[in-house]
Structure formats: C-alpha cells, structure tokens
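# Geometric and topological summary
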Amino acid sequence: MNQSFYWRLARRYGEREAGLSRRTVLKAAMAAGGALLLGACGSSPVDPFVQGSPSARRVIVIGAGFAGLSCAYALRSAGYAVLVIEARDRVGGRVITLSDVAEGKIVEGGGEFVGKNHPTWQAYARLFGLELQDATEDENLEKPLCLEGKTLDADAARKLYQEMTEALATLDSAAEVVNADEPWKSAEAAVMDSRTMADWLAWVNPSPLAKRALRAELEARGGVGLKKQSYLGQLALVKGGGGSKYWTESEAWRAKGGNQSLATKLYEAIGAAHVMLKTRVVSVVTGNQGVFITTDNGQRFMAEDVVLATPASVWSKIRLAPELPEKLLPQIGSHVKYISAVRRRFWKDVGMTARGLTDGPINQMWEATSGQSGEHSAALACLSGGNAAAKVRAIPEAQRDAFFAAEISKAFADYGENRLGARYLDWTGDVLARGGRCVAAPGEIMAMGETLYHGIGRLHFAGDFACWKFAGSMEGALNSGASVAQRMALRDGVIRA
Ligand SMILES: Cc1cc2nc3c(=O)[nH]c(=O)nc-3n(C[C@H](O)[C@H](O)[C@H](O)COP(=O)(O)OP(=O)(O)OC[C@H]3O[C@@H](n4cnc5c(N)ncnc54)[C@H](O)[C@@H]3O)c2cc1C
C-alpha cells in the first residue's frame, strides 16, 4: 500500500491499538538478523562457474533485484562462491531511484516506502549505515479523499475511518492464528486460502462508501481485483506486519539517499566481479551433476545450486529443464506510477497535503519528494493498481499527460500552472518485471507455497512472491533472499539451527 488510504485516515484520526505484540515484530527482526550476521564477505573468482573444480560450493543467482542481492550477499558471507546474473544494466530491479525528475531532488520510480515493521530492511540499513527518514507529510493539513467522484468532508472521512477500522479489525484478529512464515501450515489453511478478499468484503458488509474505499485500498496495493486475492494471503501480511500495525506502520519511511542505495551497497559488498550485468539467462538445466545455465550471449555456467530471483511473470522466458510443475506460477499485480515534477509545493497554499485517494483511475497520490529540503521544486506521485492500472495503460501515449493533468486537477486545481514535466513507469509493460507487486491468488498458498519455500532440488526461489508475511514488498524480497540463503547454509551444515 503506497501511503494507503487507511494509513492516511489513521494518521488523521488517531492510531489504533496493536493487535499483536511488539515481540512478534522483534522476533521477525531477530530471524532476519540471523541471516545477515553470517560473517564478512571473502573473495572468490568467477572462474569456478566456468571450469568446474570448485573450491567452495557454487550458487548462481538469477536476478539482481532486492531478493537476488540479499540472497547473494548472505551466501557470500557464508563462504559460498556466488555469481549473480542480471539482465538489466543496473541492480535493484523494481526499485529505481530517479534524480532527473525533480530538480535537486530524488524520487522513487518503483518500491518506495519502508515499514517500521520491516526488520530485514532495517537490519541492512544498520549494516550499511543507510538512514531511513520519515516519509510522512504534514498531518494537520487537509487531504483530498475522492470517492464516487465526490471529495469527502472531514465528518464523512471520520465516519468512513470508523467503519474501516471495524472492518479491518476482523482481519487483525483472524490473523493471530496464522503461521505467517509458512501459512499453509495454519489451522484451516485450505479453507482460508480458498476464500477471496471479495468474500471477506461481502461478509463484513460495510456501507457502500466504505466498501468502495476498502476495495480501492486493497486493489491499489495488490494490483488485482479482490476476487483474485487470497484471504489467507492477506492474513499472513497482517500477521507479518504486526497485526493492526500492518495498516499504520508499513509505509512510514524512505531511505534518505534513495532506496536504490541499498541495492548499490549490496552490490559493492557482494563484489562487482561476482555480478554480471546486461546478461539475460535463457536456460536453466538441472541434473544430477549440477545446474547448467546459458545466457543470451551464449555463455555457459555450472553450479551446485541456482536461485531463481526473477518475478514469476518472466519465468516463461527462461527454458527450464525439467519444466516447472504446471501450477507453479505465483500471481503478480499490475501497477503503473506517474511522477510529475512541479514548481513548488503549491498544495500548501490552500492548506492541503499532496496526499489524495480516489476510486478513479489514479488510486493514490502523494508527494514523492516529502522530507527533502528546498522549496524550489517538488514531485507528485500517482499510483494506479489493478483495474485502475488497466485504464491508465489503455490511454494512448499522446493523450497520457493531458489525462493525468485532468485527473490531478480534480484534487489540485493549480496543478496545470505548476506542472513542469512527468515520468511514466509502466511496470506491467516492463519486459523484465511484467507486473508491479505480488499478491497471493486464492488457492496459491496451498498449491505452491511449500514448493516455493523449499525449492525443487537444486532449484530455489527468491522474490517478493516467496515471503508471504511481507509479500509484494522490498522487505519480502530482502527477507526471502536472506531466508533462502539461510536454509541452504543450514542444509550444508555451514550454520547450525
Ligand atoms: C510501482 C511500485 C510501487 C511499489 N511500492 C512499494 C513500496 O512502497 N514499498 C515496498 O516495500 N515495495 C513496493 N513495491 C514492491 C517492491 O518494489 C518489490 O516487491 C521488490 O522490489 C521486488 O524485488 P525482487 O528482487 O523480488 O524482484 P525484482 O526487483 O523484479 O528483481 C528481479 C530481477 O531479475 C531480473 N531478471 C528478470 N529476468 C531475468 C533473466 N532472464 N536473466 C537475468 N535477470 C533477469 C530483473 O531485471 C530484475 O532486476 C512497489 C513496486 C512497484 C512496481
């Protein structure tokens, strides 16, 4: 949830009590820390992956997003010979920090908010000396909340908040019994996984307006309609995020120098010699002797294990032998971001923050440059997920700016005269992502959770789709990568339980 609607209302009208204890989050932090504290990185040449006769157990990691980097870092720390192969000319994947959108400021083109309840991100930030800064805007100012084409007044917003609180509290309490690490092991897991979030919304049955708000909120985050979201998947997220704190603390911070600075730090710590950029893996053949990898430029590598750390949406572009089980295809949502540079924070002139929520084609808006000093420039971020993203993606490029100008102006009348330019990031159209954020489909956790968690022989999986308690987030990717490395190190007796 980017600056979720619920989060905004909660900030505005008061925090709810935590449904789960602080210990739950602390325990998660310790678990994540375990994977990070494996020791310092040594150095190892790439040659063993070509010639054989390894001096250490070899692992090839496909993809240098947060999951692949976190996995490679932890494996290198444990003494493995690691080679990361990345198709793009940069590391970070769906995290990209842009410094050429708003003059003198940075904005996030993909993954943006870091949670106070995200232990792995925080552990890495401490390790590399990265500062996490408050991402909130001035809570005393009014925020445009627009549902059914109408902007809500303060009373209506308060009433809506109360209704949403009651509805979401049912998720907080239901989540308490869920095993967030391995949700398929929860009591009644199959029943909960077959339920959809649409079933849940029909069951709680709030007023039509609250229904719209909850639907907009959950669709913006998941990037698919509620019928395509698993109730068990949502409960695992709530449990992982600390119960009610999931709704209020998951988007509290950004990295001061940009989220991509973590990717850069991990890349440097792994060692540039161990990361091949601009190289796409086209085939992975797993046999008794090892794993054989072929790249688009015809290079061949071998290793004892391989970690597939690309979004599942692009697995079909890699020839996998043996083939993956037919049903093994985690869902990814559709997301687009439109970031507009503006002359200044003009919304303050009329006593408003940049934060807005609508159930129209832009789900959420916020200031992409909040917390950065200097009044001479700023940027507005607009996020669309699921049906809203589909509407935006259907707009011809030549009409896109005019479309966004009209939509943004509904909330901020002075947008037109302050607009400087914009950057459109279509993650669903990106051939190496084919989607935005992962969210478990109904039945997905039962059908494939265990396989994604344990891998298939020498083939392992890492990514935001393989960490159910933080699915679809940078934390999920980091946690999943470190956890896979930890399980491998345990398997090989490199570390003890
Ligand atoms: C618009 C948007 C907003 C978001 N907002 C937030 C947020 O506020 N907070 C949050 O925590 N998360 C957010 N996220 C989610 C977060 O960015 C992702 O969950 C996370 O970055 C996923 O990391 P990953 O490593 O699993 O995958 P990726 O980042 O996708 O990394 C996979 C890598 O694999 C590479 N690759 C693909 N195919 C191949 C191949 N054949 N060979 C070699 N390499 C290959 C790709 O180039 C990529 O670098 C957002 C995402 C989007 C798109």
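Just so it is clear, the structure is predicted and the values come from calculations on it, not from any experiment.

### Some words on the packing of aromatic side chains
Taken as a whole, this structure holds 15 aromatic pairs when the rule is applied. Pairing tyrosine 73 with tyrosine 124 gives two aromatic rings, centres 6.0 Å apart and planes at 75°, and the pair type is edge-to-face. In this pair, tyrosine 73 sits in helix H4 (residues 66-77) while tyrosine 124 sits in helix H5 (residues 119-128), placing the two residues 51 residues apart along the sequence. Overall, tyrosine 73 belongs to the buried group, its relative accessible area being 7%. For tyrosine 124, a relative accessible area of 0% translates into the label buried. Clustering of aromatic rings is evident, with ring pairs tying together Tyr73, Tyr124 and Phe128. Stacked on the ring of tyrosine 231, the Lys or Arg arginine 195 has its end atom at 4.4 Å from the ring centre. Here the guanidinium or amino end of arginine 400 rests over the ring plane of tyrosine 424, the centre of that ring lying 3.7 Å away.

### Notes on unusual backbone geometry
A cis amide bond, omega 0°, links alanine 321 with the succeeding residue proline 322. Within the secondary structure layout, proline 322 lies in the loop between strand E14 (319-321) and strand E15 (335-342). Positive phi, close to 60°, is recorded for glutamate 188, a residue that is not glycine. Inspection of the secondary structure puts glutamate 188 in the loop between helix H6 (154-175) and helix H7 (189-194). Phi at lysine 278 takes a positive value of approximately 50°, unusual for a residue other than glycine. Counting through the fold element by element, lysine 278 comes out in the loop between strand E9 (275-276) and strand E10 (281-286).

Calculation rules
Residues numbered from 1 in each chain as written. Predicted model: local features only at pLDDT ≥ 70, side-chain atom pairs only at ≥ 80, totals over all residues. Heavy atoms only, no water. Phe/Tyr/Trp six-rings, centres within 6.5 Å; stacked < 30°, edge-to-face > 60°. Helix = DSSP H or I, 4+ residues; strand = E, 2+ residues; numbered from the N terminus. Buried < 20%, exposed > 50% of the residue type's maximum accessible area, 1.4 Å probe, protein only. Lys NZ or Arg CZ within 6 Å of the ring centre and 35° of its normal.

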